[in-house]
Amino acid sequence: MLENELYDFRKELQNLGYSKGVISNYPKYAQSLLHYTKTEATTITENQIKEYYEYLQTKPNQRRKGIISQSHIHSNLLAIRIFFEYLQRIGKIKRNPYTLKVKSPIKTTRNILTQEEIKILYKTAQNLEETILLHLCYGCGLRRSEAQDLNIKDVNFEQKLLFVRKGKGKKRRVIPLTEKITTDLQDYYKQNQWYRNENQESFLINIQGNRITGTSLYETFKKLLQKTKINTSDKNICLHSLRHSIATHLLENEMSIEMVRNFLGHQNLKTTQIYTRVNNLKLK
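Keep in mind that what you see is a predicted model, and the values were worked out from it rather than measured.

How each quantity is defined
- Residues numbered from 1 in each chain as written.
- Predicted model: local features only at pLDDT ≥ 70, side-chain atom pairs only at ≥ 80, totals over all residues.
- Heavy atoms only, no water.
- Phe/Tyr/Trp six-rings, centres within 6.5 Å; stacked < 30°, edge-to-face > 60°.
- Helix = DSSP H or I, 4+ residues; strand = E, 2+ residues; numbered from the N terminus.
- Buried < 20%, exposed > 50% of the residue type's maximum accessible area, 1.4 Å probe, protein only.
- Disulfide = S-S within 2.5 Å.
- Core = buried A, V, L, I, M, F, W, Y, C linked by side-chain atoms within 4.5 Å.
- Contact = heavy atoms within 4.5 Å.
- Salt bridge = Lys/Arg side-chain N within 4 Å of Asp/Glu carboxyl O.
- Pairing = 2+ DSSP bridges.
- Arc of directions from axis to C-beta.
- pLDDT = per-residue confidence, 0-100.
- Axes fitted to C-alpha atoms, helices over the stretch in contact; angles between N-to-C directions.
- Parallel < 35°, antiparallel > 145°, perpendicular 65-115°, else oblique.
- Left-handed = near helix turned anticlockwise from the far one by under 90°.
- Nonpolar A, V, L, I, M, F, W, Y, C, P; charged D, E, K, R; others polar.

*Asks:* Mind showing me how you'd approach the packing of aromatic side chains here?
*Replies:* When we look at a pair of aromatic rings, we describe it by the centre distance and by the angle of the planes. Counted by the stated rule, this structure contains ten aromatic pairs. A centroid spacing of 6.4 Å and a plane angle of 10 degrees characterise the contact between Tyr-189 and Phe-203, whose relative ring orientation is stacked. With a gap of 14 residues between them, Tyr-189 in helix α8 (residues 179-191) and Phe-203 in the loop between α8 and α9 (214-228) connect regions that are remote in the sequence. Note on Phe-203: relative accessible area 0%, which makes it buried.

*Asks:* It is not clear to me how the state of the cysteines should be interpreted in this structure. Could you clarify?
*Replies:* A covalent bond between the sulfur atoms of two cysteines is referred to as a disulfide. Scanning all chains against the criterion turns up zero disulfides. In this structure Cys-140 is not part of a disulfide, and its nearest cysteine sulfur, from Cys-137, lies 8.9 Å away. Judged by relative accessible area, which is 1%, Cys-140 ranks as buried.

*Asks:* I tried to follow the nonpolar core on my own but got confused; where do I start?
*Replies:* The nonpolar side chains of a soluble globular protein tend to be buried with one another. Of all hydrophobic cores here, the largest spans 44 residues; its most connected members are Leu-121, Leu-136, Leu-162, Leu-204 and Leu-242. Broken down by secondary-structure element, the contributors of at least two residues to this core are α5 (115-124), α6 (128-139), β2 (161-164), α8, α9, α10 (241-252) and α11 (257-264). With seven residues, α6 is the single largest residue contributor to this core. The residues contacting Leu-136, other than those within four sequence positions of it, are Gly-141, Leu-142, Leu-150, Leu-162, Leu-185 and Leu-204. Counting 29 residues, the second largest nonpolar core, distinct from the first, contains Phe-9, Ala-30, Ile-68 and Leu-87.

*Asks:* I keep staring at the pattern of salt bridges and nothing clicks. Help me out?
*Replies:* Opposite charge on two side chains makes pairing possible when the charged atoms of those side chains draw close. The tally for this structure, following the rule as stated, stands at ten salt bridges. Between Glu-146 and Arg-143 there is a salt bridge, and its shortest N-O distance comes to 2.5 Å. Glu-146 sits in the buried class, given a relative accessible area of 5%. Connected through salt bridges with shared partners, the residues Glu-46, Lys-50 and Arg-95 form a single ionic network.

*Asks:* Help me out: how do you make sense of the sheet that holds β2 in this one?
*Replies:* The pairing of strands in a sheet comes from backbone hydrogen bonds and takes either a parallel or an antiparallel form. Taken in spatial order, the three strands make up an open sheet running β1-β2-β3, and their pairing is antiparallel. At either end of the open sheet lies a strand with only one pairing partner, and these are β1 (155-156) and β3 (173-176). Judged from the two bridges that link them, β1 and β2 form a sheet pairing that is antiparallel. Within the sheet, the bridge partner assigned to Asn-156 lies in β2 and is Leu-161.

*Asks:* Sorry if this is basic, but what is going on with the side chain of Thr-124 here?
*Replies:* Position of Thr-124 among the secondary structure elements: in helix α5. Judged by relative accessible area, which is 18%, Thr-124 ranks as buried. For Thr-124, the contacting residues outside a window of four places in its chain are Glu-130, Leu-224, Lys-227 and Thr-228.

*Asks:* Even after reading the chapter, I still don't get the pairing of β2, so can you show me in this structure?
*Replies:* Consecutive residues of a regular strand have side chains that alternate between opposite faces of the sheet. On β2, burial follows the alternation: Leu-162 and Val-164 on one face are buried, whereas Leu-161 and Phe-163 on the facing-out side are not. What sits between β1 and β2 in their antiparallel hairpin is a turn of four residues, with Lys-160 showing a positive phi close to 55 degrees. As paired elements, β2 and β3 share four bridges and run antiparallel to each other. Residue Phe-163 lies in a different strand from β3, and its bridge partner there is Val-174.

*Asks:* I would appreciate a short explanation of α5 in the present structure.
*Replies:* Spacing of three or four residues puts side chains on the same side of an α-helix, whose turn is 3.6 residues. Of all the positions in α5, only Glu-117, Ile-118, Leu-121 and Thr-124 are classed as buried. The arc that holds every buried residue of α5, seen down its axis, measures 125 degrees, which confines them to one face. Check the buried side of α5 and you find it contacts α6, α9 and α10.

*Asks:* Any chance you could explain the environment of Phe-9 here in plain terms?
*Replies:* Tracing the sequence through the fold places Phe-9 in helix α1 (residues 2-15). Excluding anything up to four places from it in sequence, Phe-9 contacts Tyr-26, Pro-27, Ala-79, Ile-82, Phe-83 and Tyr-86.

*Asks:* Whenever I open this one, the confidence of the model for the chain confuses me. Can you help?
*Replies:* Low-pLDDT stretches of the model should not have their predicted coordinates read in fine detail. Counting all residues, the mean pLDDT for the chain is 85, and 88% of those residues have values of 70 or more. Considering only residues more than four positions removed or in separate chains, one finds that residues 280-284, a stretch of pLDDT under 50, has three contacts.

*Asks:* Would you take a moment to explain the packing of helix α3 (residues 46-56) against helix α4 (residues 70-89) for this structure?
*Replies:* When two helices pack together, you describe them by how their axes are tilted relative to each other and by the distance separating the axes. Relative orientation of the contacting elements α3 and α4 amounts to 160 degrees, with a least axis distance of 10 Å. With respect to α4, the element α3 is oriented roughly antiparallel. The two elements α3 and α4 meet at a crossing, and its hand is right-handed. Two secondary-structure elements touch here, α3 through Ile-49, Tyr-52, Tyr-53 and Leu-56 and α4 through Ile-73, Asn-76, Leu-77, Ile-80 and Phe-84. Taken together, the residues of the contact of α3 with α4 sort by class into eight nonpolar, one polar and no charged.

Rendered as structure tokens:
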């Protein structure tokens, strides 16, 4: 019964046009609640959800020391609320047991690497795979999901252009490539032809010839960062920090905020303006 409800919930998210990350994670978050309470979705109570919320606030983080972040907790709660709204809409429950009033977490200052630290990352990269990761997530400002979803047809070597066809919010964009990035992408493509399956469309592949996963990209970056010995004790640097870094560096080099918005694929200029506040903090 639970599997059917979660499967149908996932299909509902797909039909509503949610991103791949939401479609993948939200059913898992709802499932975690039901496993914690050991209760059927149709009989879960308001108090059980409140108790689960208290548990989330002490839940250990599996990737690093400490507990899970407030933003991750917020994502869990949002998934649970949408799940029960869905069950109510299709008539599985008469009343939505989700009644929590939790404020959205305050967005902290973007954690970025300096231009000098980016140079160190490039110098430390020991193979083409690590360099390509930096090119895509820093040089092209791709999100992890966008790098993972990149296909061969999305890279035009002759015109030196990279196409993001399924960005966040289904926003498409075109990114100009430097001569160096173009050459390295060509070399990567040629070197990996040996592993590539006949019908494999993905640009980034593993040695089995399959599309590389976002988790694999994340692990590659963390290992590279550790090799650099860059001090990150005062800031939490992750793969997405490369995207934050290129945005800040472009603004530092006097690119207009509108051009940075187009480069990043932001729908709202206010999202891009976060990086102007980062620059102001650095100036102060």
